[in-house]
Amino acid sequence: MGSAVSRRRMLGSLAGGALLLGTVTAQPGHAAPRQRSHAAPRRRFPDPGTVDVTDPALLSAVEAASLLHAGQLHPRELLDACLARTREFDGAIGAWIRLYPEFAYAGADAAGEGLAQARSDGTSAPDVCGLPIALKDLFAVSGLPLTASSRVLEGNIAAGNSGVWNKLEDAGAVLMGHAHTDEFAIGVATPQVGNPWNTDMSPGGSSGGSAAVLAARFAPLAVGSDTGGSVRLPASACGISSIKPTYGRITSHGMIPLTWTRDHVGPMGRSLADASLMLSILATVDADDPITALGPPVPAGGYPLTAKGGSSPLAGVRLGLPPSELPPPLQTLFDDTIQVARSLGAQIVPVVMPPTPTSLVTGDVVEMGSYHRQFADRIGLYRPERVPSVGTAVASLAVPVVDYLMLERDRLRYQVDYNRLFVDSDLDAVLIPGTRVDGAQREEFLGVSVTEGVMGDVKWANYSGAPVVTLPVGRSSATGMPFGVQLGARPWQDERIIEIGLELQEAFPVWRDLPDLAPAPGAAPEVGRVAPGPGPDPTNTLDAAAPLRTPPMNAIG
């Protein structure tokens, strides 16, 4: 298309992200623009009369919200169903590391009262009120264990709430438990967890437990984190949906870090609408994480939940298609996705992604080491396959500060190159396979995980800070395992990428497919709340707070 159109899109994007260029800083009392307006219209849930699912545990988050707000389902009934399904089937999957029934029922009863009061007053309760949620075992909840699925933190009790849980609790969400993570979110296998579609296979990582909770229908919503594909790879592997929002869109305060400059909090749901529902709650200002005060406001009424539909809902949308190599069954699914996008009106444009500077990996290792050095006397408690990477990370602290700063310069250059790709090719999004492996075996030898996990092309989004949605498009004809696709945009175009994703998912309703689970009573411990740890950080560990967080650039030079 013409250069005038490219310039128009570029200037529009820059205007939307003007706060990100370092010329404006958040001031006390100026956080309000990021909050949803009280005058915003109610979000569109499906008509309760059209929801015909009889088992509450099998409801999507949006369907359950419709019934909860209409008074046709009580949060306690929904929690009963989710706990019963967990206890019946999680023994073979192992998605949960801990459950909190007492805490959850107290939350469900409080949510029920809030929903009833809202109906009585003719007002609106928050959209996630009464919905059971799984948190990845990185997010602090005061008085509850927080262990990053590692023996290193055995017995650790959170000293306070993460920003994520503060927002969810304030909105009436019901915490069922913590889901397993690959230890300290380091890997992409989550070997403790079986994929609900085949428990001999990996759910991906590091948010594998969160994805497995959703795929198995143990809870309708989950929160993960994405430092190198850690919500996108499990979403693709488990047949669920995720959003890796723009870097800084969601607070990471009170979350155990991997690398501060790449850690993204990621809403996960069975459908993209479910994940979008939770993003609207989480993507608001947190005074403890100043980066959240930057960027455009959350859309009035929240992020979109429904596709426009029609014969050509993607007319005018240009999707960049980088080259990829996939196993034949996955290539067939990916080719089908491209054809469906074309049938919806999208234009497919071949592109080449900018190369990732190798220096950025060194920066990641330095950041990881600066956190894990506090556990140097417990190195033998890490999973054996993680010991080399942790040792290397701690040793990397000898890198001169000036070298680390130069690595950050390379990150900025990569962001500029990524944005320039969009402007030069006049793109709305890039379309990339969710994984590049047709399932990954979940194998151990003498207690050591020997699988590489679920691999894919993912680092581009963490280094650019760009928003990405992942959604399922089918299952492999060879393995029967799910496969998904990633749609990525430029920083701060979260709403636009969700809109595009919803149209594509409308044409691929495979997210409704249900794995066939064999009864296997769960063994996750059920834990009560105790006195908080001493802190001061909510995680009750040292150096968890990010020393440096800067918003992604939307500039091209």
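Structure first, text after, so check above.
## Looking at the pattern of salt bridges
The full count for this structure, using the stated rule, is 15 salt bridges. One salt bridge connects Glu 63 with Arg 512, and the closest N-O pair in it is separated by 3.1 Å. Of the two residues, Glu 63 is situated in helix α2 (residues 61–70) and Arg 512 in the segment after α14 (494–507); the sequence distance between them amounts to 449 residues. By relative accessible area, which is 47% here, Arg 512 ends up partly exposed. Asp 137 is the salt-bridge partner of Arg 98, the closest N and O atoms lying 2.7 Å from each other. Placement of the pair is Arg 98 in strand β1 (residues 96–99) and Asp 137 in the loop between β2 (132–136) and α5 (163–170), with a sequence separation of 39 residues. For the pair formed by Arg 98 and Asp 137, the shared burial category is buried.

## Notes on the nonpolar core
Leu 131, Leu 135 and Leu 168 are the most contacted members of the largest nonpolar core, which totals 132 residues. Those residues in contact with Leu 168 that lie beyond four places of it in its chain are Ile 133, Leu 135, Ala 173, Val 223, Met 278, Ile 281 and Leu 282.

## Focus on the environment of Leu 427
Inspection of the secondary structure assignment puts Leu 427 in the loop between α12 (401–424) and β9 (429–433). For Leu 427, a relative accessible area of 7% corresponds to the buried category. A sequence separation of 62 residues divides Leu 427 from Ala 489, and the C-alpha atoms of the two residues are 8.4 Å apart.

## Digging into the packing of aromatic side chains
The geometry of an aromatic ring pair is captured by the separation of the ring centres together with the interplanar angle, meaning the angle of the planes. Scanning all chains against the criterion turns up 8 aromatic pairs. Ring geometry for Phe 184 versus Tyr 382: centroids 5.7 Å apart, planes at 40°, classification tilted. Taken as a pair, Phe 184 in the loop between β3 (174–179) and α6 (208–215) and Tyr 382 in the loop between α10 (359–372) and α11 (387–395) lie far apart in primary sequence, 198 residues in all. Judged by relative accessible area, Tyr 382 falls into the buried class, the value being 1%. Look at Tyr 418 and Trp 460: their rings are 6.1 Å apart centre to centre, the planes differ by 20°, and that puts the pair in the stacked class. Here Trp 460 lies in helix α13 (residues 459–464) and Tyr 418 lies in helix α12, a separation of 42 residues in the sequence. The class for Trp 460 is buried, based on a relative accessible area of 3%. What links up through ring pairs into an aromatic cluster is the set Phe 184, Tyr 371, Phe 375 and Tyr 382.

Conventions we followed
- Residues numbered from 1 in each chain as written.
- Predicted model: local features only at pLDDT ≥ 70, side-chain atom pairs only at ≥ 80, totals over all residues.
- Heavy atoms only, no water.
- Salt bridge = Lys/Arg side-chain N within 4 Å of Asp/Glu carboxyl O.
- Helix = DSSP H or I, 4+ residues; strand = E, 2+ residues; numbered from the N terminus.
- Buried < 20%, exposed > 50% of the residue type's maximum accessible area, 1.4 Å probe, protein only.
- Core = buried A, V, L, I, M, F, W, Y, C linked by side-chain atoms within 4.5 Å.
- Contact = heavy atoms within 4.5 Å.
- Phe/Tyr/Trp six-rings, centres within 6.5 Å; stacked < 30°, edge-to-face > 60°.

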